[in-house]
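Survey of secondary and tertiary structure
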Amino acid sequence: MMDNGYDYDVVVVGGGPCGSTISTLVAMQGHRVLLLEKERFPRYQIGESLLPSTVHGICRILGVEEDLRQANFMPKRGGTFRWGANPEPWTFSFGLSSKFAGDAATAYQVERMRFDQILLDNARRKGVEVREETSVVDVLVDAETDRVDGVLLSGPDGVRREVRSRFVVDASGNKSRIHTKVGGQRRYSEFFRNLALFGYFEGGKRLPAPNRGNILAVAFDAGWFWYIPLTDELTSVGAVLMPEALDRAQGDREKALLDLIQQCPMIADYLSDARRVTEGPYGEIRVRKDYSYIQEKFWRPGLVLAGDAACFIDPVFSSGVHLATYSALLAARSINTVLRGGEVDETTCFEEFEVRYRREYARFHDFLVAFYDMHQDENSYFWKAKKVTNNVASEVESFVELVGGGSSNEAALVSPANGGLRGAAYQELAEMVAQPVQEAGEDRDLLRSTLARSVSKEGTRIQIQAELGESTDENIPVRDGGLVPSTDGLHWSSPSQSAD
């Protein structure tokens, strides 16, 4: 046991991208970190379409950018959408950003079994003690201070043991067993309340160059399809529906998925010569409830929720791993700062984490609300339910307030007092997408719009930090009395300290 009475400085629960990232960023500062993962890697996880900020930002900071390159993951230059009023698909290309060009404007489609293994192996190399097949049963709480100071775990032998630590990070995802320990409730959005039915196919068609590796998102009457080319041969295909459609997936899932594919002509065409994978980890047709949610509290003394343990947003814009790893960076800054000691107190550090993570979540939330609202299909039950002007109920407004602390742009879109008028930011985005498509798959410079710029802002900063080896964040806090990133990008500083 350490001299201060703790076994570790930090115990991280969960070995996915969020857990691997935060454990590595803390261990890189010389702190003792234990990561507990309930499964044995490699393990199945739904395939993922990454954003450039993860590949060229977080992964570069972690030191795995070359590992990703050598893994030969499918490169992607953006996302291609059959969405909105246009009958032809259009593309949101990362390369249109003035900040980046060339490789920095691309990302990857990744098989999560391989991607997550790379991050976990890197955590081990960076000094993290990793224990797989180890579950966390509960957190430990100091009776005198009411501070979380460790976990009760169950190892491969089934024996329960107590481990003490200065901090516990819950990075165990949406099925977390300990997220309730911070207090407050998990609040769900009525707007983003979807169900996904998905499987994997071999031999599917690819988009024409240069968009061959892009994620393809295609709206149809019952909802929308994702079509993710994970390799030259393997494709993840999923239909996103209203949860009321669950009965269609409770019987013959294969028949249900194939029927839905036939209802979407573009996806049916792309799969016309393909066969469904029926064996191995990709052989099952799965159902996933992508119910977007956010916790009322993200932390308490000694315990912090990161990644999906804190919040989850609809997957149409491939934001999942970005939000998970971005929250890991924010939480690592807070933990590193407290462990180092000095003038910045714990409460201020973790309030900074929560404010910034909620802020990033709210940006994606607002962008996605507008993105859903722009698709025109008045005869579809799914799309009628996704119209902003139909969602003015009090529960939606309260979710917006919870997401953004009252500052979310969506309030302007759904407020009954607004008379149903769309906000200026939404209108700007809708007009860009509504321009006629001259050539199938052509680029749309969405990054000129306020909403799209907002969701790329923090990712751009992370990429610059990774490129330069230091933070170039603004020296102005995002809130009164707030903090700014330190020069190394892995701690917090007061604005006056940062300016010195």
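Residues numbered from 1 in each chain as written. Predicted model: local features only at pLDDT ≥ 70, side-chain atom pairs only at ≥ 80, totals over all residues. Heavy atoms only, no water.

Let us now look at the overall build of the chain. On a plain count of helices and strands, the chain comes out with 15 helices and 23 strands. Sorting the 500 residues of the chain into buried and exposed places 60% on the buried side. Here the analysis covers contacts within the chain between residues at least 6 apart in sequence; of these, 71% occur between residues at least 24 apart. Per element, the accessible surface of the chain, about 19,500 Å² overall, is 46% carbon and sulfur. (Helix = DSSP H or I, 4+ residues; strand = E, 2+ residues; numbered from the N terminus. Buried < 20%, exposed > 50% of the residue type's maximum accessible area, 1.4 Å probe, protein only. Contact = heavy atoms within 4.5 Å. Areas by Shrake-Rupley, 256 points an atom, 1.4 Å probe, with all protein chains shown as cover.)

The strands making up a sheet are joined through hydrogen bonds of the backbone, oriented either antiparallel or parallel. A sheet is described by the order of its strands in space; here three strands give the open sequence β3-β7-β4, paired in antiparallel fashion. Pairing within the sheet leaves two strands with one partner each, and these edge strands are β3 (48–49) and β4 (74–76). Looking at chain direction, β3 and strand β7 (residues 107–110) are connected through two bridges and run antiparallel. Bridge pairing links Glu-48 to Val-110 in β7. (Pairing = 2+ DSSP bridges.)

Counting 135 residues, the largest nonpolar core has Trp-83 and Trp-224 as the members making the most contacts within it. If sequence neighbours within four positions are ignored, Trp-224 has contacts with Trp-83, Ala-217, Val-218, Ala-219, Gly-238, Ala-239, Val-240, Asp-314, Val-316, Tyr-372, Phe-382 and Trp-383. With 25 residues, the next largest nonpolar core counts Ala-239, Ile-267, Ala-268 and Leu-271 among its residues. (Core = buried A, V, L, I, M, F, W, Y, C linked by side-chain atoms within 4.5 Å.)

To continue, consider the confidence of the model for the chain. Segments scoring low in pLDDT should not have their predicted coordinates read at a detailed level. Scored by pLDDT, the chain comes out at a mean of 88, with 90% of its residues at no less than 70. Overall, residues 406–422 carries pLDDT values under 50, and its contacts beyond four positions in sequence, including any with other chains, amount to 29 contacts. (pLDDT = per-residue confidence, 0-100.)

A word on the environment of Leu-402. Secondary-structure assignment places Leu-402 in helix α11 (residues 394–404). With a relative accessible area of 16%, Leu-402 lands in the buried category. Taking the C-alpha atoms as reference, Leu-402 lies 8.6 Å from Gln-295; in sequence the two are 107 residues apart. Excluding residues that lie within four positions of it along the chain, Leu-402 makes contacts with Arg-187, Ile-294, Glu-296 and Arg-358.

This part is about the pattern of salt bridges. Considering all chains together, one arrives at 38 salt bridges under this definition. A salt bridge links Glu-352 to Arg-479; its shortest N-O distance comes to 3.1 Å. With a gap of 127 residues between them, Glu-352 in helix α9 (residues 346–373) and Arg-479 in the loop between α14 (450–468) and β22 (484–485) connect regions that are remote in the sequence. Through salt bridges with shared partners, one network takes in Arg-40, Asp-121, Arg-124, Glu-132 and Glu-133. (Salt bridge = Lys/Arg side-chain N within 4 Å of Asp/Glu carboxyl O.)

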